[in-house]
Amino acid sequence: MNSSLSGLSVNLLPPDKLYCNFSYWSSLFSQDMQILWDRAHGVPLEKLPKGVSDMIFPYLLLALSDYKTSQINKMNGIGLDSLLSLWFDKYLLNKNGYFELIKNNI
């Protein structure tokens, strides 16, 4: 039997960088970005203190949403919740406004 889905594949590996416009979004969320830069720069997301991870979570959702939108043809049907569960432990935050892939995860 020859399945039409046999050639279908989806690359669910996280991108090296997820960009988030922190300046724009932080004005909407009225968060103090200095707290994030001081406490979260270079720390894996899963190792952040609870208060800091709560502050970062909306930005991660926005970055994932932007990435998913830009990859709509490749990621159709894959929810943000799935990407979060697959990728949350693979990123750290850097001061350039990126969630950066932790190098030893891949």
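Only a predicted model underlies this, so the values are computations on that prediction, with no experimental measurement involved. Residue indices follow the written sequence of each chain, beginning from 1 at its first position. Where totals are concerned, whole chains, interfaces and linings use all residues; where local detail is concerned, this predicted model gives features only for residues with pLDDT of at least 70, and gives and counts side-chain atom pairs only at 80 or more. Water and hydrogen atoms were dropped before computing side-chain values, which therefore reflect all heavy atoms in the structure.

A. Examining the overall build of the protein more closely. Here a strand is any run of E in DSSP of at least two residues, a helix any run of H or I of at least four, and the numbering for each starts at the N terminus. Counting its secondary structure elements, the protein contains five helices and three strands. Burial status across the protein gives 34% buried among its 106 residues. By definition, residues are in contact when any of their heavy atoms lie within 4.5 Å. Within the protein, residue pairs in contact and separated by at least 24 positions form 63% of the contacts whose partners lie at least 6 positions apart. Note on areas: these come from Shrake-Rupley sampling with a 1.4 Å probe, and a residue is covered only by the protein chains present in the view. Working note: accessible area of the protein is about 6,800 Å², and carbon and sulfur atoms make up 52% of it. Whether a residue is buried, partly exposed or exposed follows from its accessible area with a 1.4 Å probe, protein chains only, as a fraction of its type maximum: under 20%, in between, or over 50%, in that order.

B. Representation of the sheet that holds strand 1 (residues 17–19). Should DSSP find at least two bridges between two strands, the strands are regarded as paired. With respect to topology, three strands assemble into an open sheet ordered 1-3-2, the strand pairing being antiparallel. On the outer flanks of this sheet lie strand 1 and strand 2 (91–94), each paired with one strand and no other. Along the sheet, successive strands turn relative to each other by an average axial angle of 25°, direction set aside. As paired elements, strand 1 and strand 3 (residues 98–101) share three bridges and run antiparallel to each other. In the strand pairing of strand 3, Leu18 is matched with Phe99. Note on geometry: axes are lines fitted to C-alpha atoms, helical ones only across the stretch in contact, with angles between N-to-C directions running from 0 to 180 degrees.

C. Expanded view of helix 2 (residues 33–40). Buried residues of helix 2: Met33, Leu36, Trp37 and Ala40, and no others. For helix 2, the angular spread of the buried residues around the axis is 105°, confining them to a single face. Seen from the buried face of helix 2, the exposed residues on the opposite side, beyond 90 degrees, are Asp38 and Arg39. Positive phi shows up at Gly42, right after helix 2, with a value of about 80°. Directions pointing from the helix axis toward each C-beta atom define the arc.

D. View of the packing of helix 2 against helix 3 (residues 50–70). Interaxial distance between helix 2 and helix 3 falls to 10 Å at its minimum, and their mutual angle equals 110°. The orientation of helix 2 with respect to helix 3, classified from their angle, is roughly perpendicular. For the element pair helix 2 and helix 3, the recorded crossing hand is left-handed. Here Met33, Ile35, Leu36, Arg39 and Ala40 of helix 2 lie close against helix 3, whose contacting residues are Val52, Met55, Ile56 and Tyr59. The classification used treats Ala, Val, Leu, Ile, Met, Phe, Trp, Tyr, Cys and Pro as nonpolar, Asp, Glu, Lys and Arg as charged, and all other residues, Gly among them, as polar. Among the residues forming the contact of helix 2 with helix 3, the class breakdown is eight nonpolar, no polar and one charged. The labels follow the angle: roughly parallel below 35 degrees, roughly antiparallel above 145, roughly perpendicular from 65 to 115, and oblique for the rest. By convention, the crossing between two helices is left-handed when the near helix turns anticlockwise from the far helix through less than a right angle, and right-handed when the turn is clockwise.

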